[in-house]
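The residues making up each chain are set out below.
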Amino acid sequence: MTLFGASFARLQEDLETARTHDPASRGRVEDALSYPGLHAIWVHRLTHRMWAKPGLRTAARVLSQVARTATGVEIHPGATIGRRFFIDHGMGVVIGETTEIGDDVMMYNGVNLGGRSLARIKRHPTIGNKVMIGAGAKILGPITVGEGSAVGANAVVVKDAPADSIITGIPATWRHRDSRRETQPAVDPAVYVDPAMYI
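Residues numbered from 1 in each chain as written. Predicted model: local features only at pLDDT ≥ 70, side-chain atom pairs only at ≥ 80, totals over all residues. Heavy atoms only, no water.

**Considerations on the packing of aromatic side chains**
What the rule picks out here adds up to one aromatic pair. Between Y35 and F86, the aromatic rings sit 6.3 Å apart at their centres with planes inclined by 35°, giving tilted as the arrangement. Remark: F86 occurs in strand 3 (residues 86-87) and Y35 occurs in the loop between helix 2 (28-34) and helix 3 (36-51); sequence separation between them is 51 residues. (Phe/Tyr/Trp six-rings, centres within 6.5 Å; stacked < 30°, edge-to-face > 60°. Helix = DSSP H or I, 4+ residues; strand = E, 2+ residues; numbered from the N terminus.)

Quick look at the structure:
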């Protein structure tokens, strides 16, 4: 398959992903014209290829900033993003340079995949396949969110979470989707406050 053919197939795949992930979708033409999350992903695919060539890195950063202005989504050209990635609404999303995102990930507005270090190392999260990240969630540092997990809206995640986790809170804690696999206590005795102590 030619580069053009592969790019067209990927574009069609992205449009199908938008249709299946957003009940407000009314058709491919409208989606292609009006979904800023799609536009940001499409520009990122180009800037990521440019980033692989040291002579094009400045141009890649400038183009990514143009996309940020147009879409409200900031994706560093160095970030690695898998297939069928979908950003719903998009505004306020930030994806840092060393972020790695697997396939079939869905993300809502206001998500920050950020760093906690100024060192030139892997400093951003790794997101497994089939992860859903709720609006306003912050996933910070070189941590891993396991495959099939869901991150709740406004969660602040600073520790690893295994596959098939539900991750909520500030700071976030996780539990397995299947409660029979739960290994951590249902209530953390270190943070539990007995309401009776206030009586």
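The structure having been displayed, the exposition proceeds.
**Focus on the environment of A32**
Here A32 is to be found in helix 2. A residue is classified by how much of its surface remains accessible, and A32, at 24% relative accessible area, is partly exposed. As a C-alpha pair, A32 and L15 span 17 residues in sequence and 7.0 Å in three-dimensional space. Apart from the residues within four sequence positions on either side, A32 is in contact with L15, H39 and W42. (Buried < 20%, exposed > 50% of the residue type's maximum accessible area, 1.4 Å probe, protein only. Contact = heavy atoms within 4.5 Å.)

**Comments concerning the sheet that holds strand 1 (residues 73-75)**
Pairing in this open sheet of five strands is parallel, and the strands run 1-4-7-10-13 from one edge to the other. Each of the sheet's edge strands pairs with one partner strand only, and the pair in question is strand 1 and strand 13 (156-157). Bridging between strand 4 (residues 93-95) and strand 7 (residues 112-114) involves two bridges; their strand directions are parallel. Looking across to strand 7, one finds that I95 is bridged to L113. (Pairing = 2+ DSSP bridges.)

**Comments concerning the pairing of strand 15 (residues 172-176)**
Direction of pairing for strand 14 (residues 165-169) relative to strand 15: antiparallel, over a ladder of five bridges. Counterpart to G169 in the pairing with strand 15 is A172. Between strand 14 and strand 15, which follow one another and run antiparallel, lie two residues.

**Focus on the side chain of S149**
The topology assignment puts S149 in the loop between strand 11 (144-145) and strand 12 (150-151). At a separation of 3.1 Å, a polar atom in the side chain of S149 contacts the main-chain carbonyl oxygen of P162. Not counting residues up to four positions away in its chain, the partners in contact with S149 are K130, V131, M132, P162, A163, D164, S165, I167 and R177. (Polar contact = N/O pair within 3.5 Å; in protein donor to acceptor, adjacent residues only side chain to side chain.)

**A word on the pairing of strand 14**
The pairing of strand 12 with strand 14 spans two bridges and is parallel. The residue of strand 14 that forms the bridge with V151 is I167.

Purely geometric numbers; function is a separate question.
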